[in-house]
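Examining the three-dimensional arrangement
Here is what each chain is made of, one letter per residue.
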Amino acid sequence: MTTLAQFRTAVSAELGLDNSTSGDQPAIDLWVNDGVTDVVIRTDCRVRSASLALTSGTSDYTLDTGILKIKTAYVTSTGTKYWLEEISLDDIRAYQRAGTGNVSPAQYYAVAGADFFVIYPTPASSSDTVSFDYVPRPTTLSASSDSPSEIPSEFHRAVEYYAESRAASYSDDAG
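Everything numeric here is computed off the predicted structure, so don't read it as measured data. (Residues numbered from 1 in each chain as written. Predicted model: local features only at pLDDT ≥ 70, side-chain atom pairs only at ≥ 80, totals over all residues. Heavy atoms only, no water.)

**Describing the nonpolar core**
Buried together is how nonpolar side chains tend to be arranged in soluble globular proteins. Of all hydrophobic cores here, the largest spans 18 residues; its most connected members are L17, V32 and V159. Put simply, the parts of the chain that give this core at least two residues each are α1 (4–15), α2 (25–43) and α4 (156–170). Counting residues per element, this core draws most heavily on α2, at six residues. Residues in contact with V32, not counting those within four places in the same chain, are L4, F7, L141, V159 and A163. (Core = buried A, V, L, I, M, F, W, Y, C linked by side-chain atoms within 4.5 Å. Buried < 20%, exposed > 50% of the residue type's maximum accessible area, 1.4 Å probe, protein only. Helix = DSSP H or I, 4+ residues; strand = E, 2+ residues; numbered from the N terminus. Contact = heavy atoms within 4.5 Å.)

Here it is as structure tokens:
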């Protein structure tokens, strides 16, 4: 596993940056962490499951901030699973304005911002549950010995390349 210190060394050596704490190290750390997030989002290399109990008459919920991206979602209503289709928040609000009322099971969901989850139609039953598979937000690398455990080691080079690309732009190095 590649550590933050190893990422710092590789990026600074490739572009001739100052890897000291008073030099470019804070920027390199930021680029490495951005690279970890980018790789996690693009590859879905770690996926987890979670569920959310729905409340009758409530369409808006707050997701755990550890959820970076929802891959799939379904609602369980009276023991049956119904897959949900992701649509835009604007579309859900338009459906809500059209006013079909509370109906179970829900058919659509939207995610807005980092943690805003909306379901439509608004659940009529408090026994409904939404379950989803999601990509978890990666842990920020801060200590020199930290390693991106969310990413298999064969993808660590992609994090390095991401950081080097950002560093090249920072140092205005077209190479």
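**Quick notes on the pattern of salt bridges**
By the definition in use, this model includes seven salt bridges. In this structure, D34 and R166 form a salt bridge, with 2.9 Å as the shortest nitrogen-oxygen distance. Of this pair, D34 sits in helix α2 while R166 sits in helix α4, and the two are 132 residues apart along the sequence. Where D60 meets R93, a salt bridge forms, and the shortest distance between an N and an O atom there is 3.1 Å. Linking D60 in strand β2 (residues 60–62) with R93 in helix α3 (residues 89–98), this pair joins segments that are 33 residues apart in sequence. Each of D44, K69 and K71 takes part in salt bridges that share partners, so that together they form one network. (Salt bridge = Lys/Arg side-chain N within 4 Å of Asp/Glu carboxyl O.)

**Side note on the packing of aromatic side chains**
Evaluated as defined, the whole model comprises seven aromatic pairs. Geometrically, the ring pair formed by Y109 and F117 is stacked, given 5.6 Å between the ring centres and 20 degrees between the ring planes. (Phe/Tyr/Trp six-rings, centres within 6.5 Å; stacked < 30°, edge-to-face > 60°.)

**Examining α4**
Within an α-helix, residues lying three or four positions from one another point in the same direction, as the helix has 3.6 residues per turn. End to end, α4 covers 21 Å across 15 residues, agreeing with the expected 21 Å (1.5 Å per residue, within 8%). Turning to α4, its buried residues number three or more, namely H156, V159, E160, A163, E164, A167 and A168. (Expected span 1.5 Å × (residues − 1).)

**Focus on the environment of F117**
Structurally, F117 is set in strand β7 (residues 116–120). Classification of F117 by relative accessible area gives buried; the value is 0%. Along the chain, F117 and S144 lie 27 residues apart, while their C-alpha atoms are 36 Å from each other. Sequence-distant contacts of F117, that is, excluding residues within four places in its chain, are made with L52, S59, D60, Y61, L63, I70, Y109, A110, V111 and V130.

Any link to function would need more than the numbers given here.
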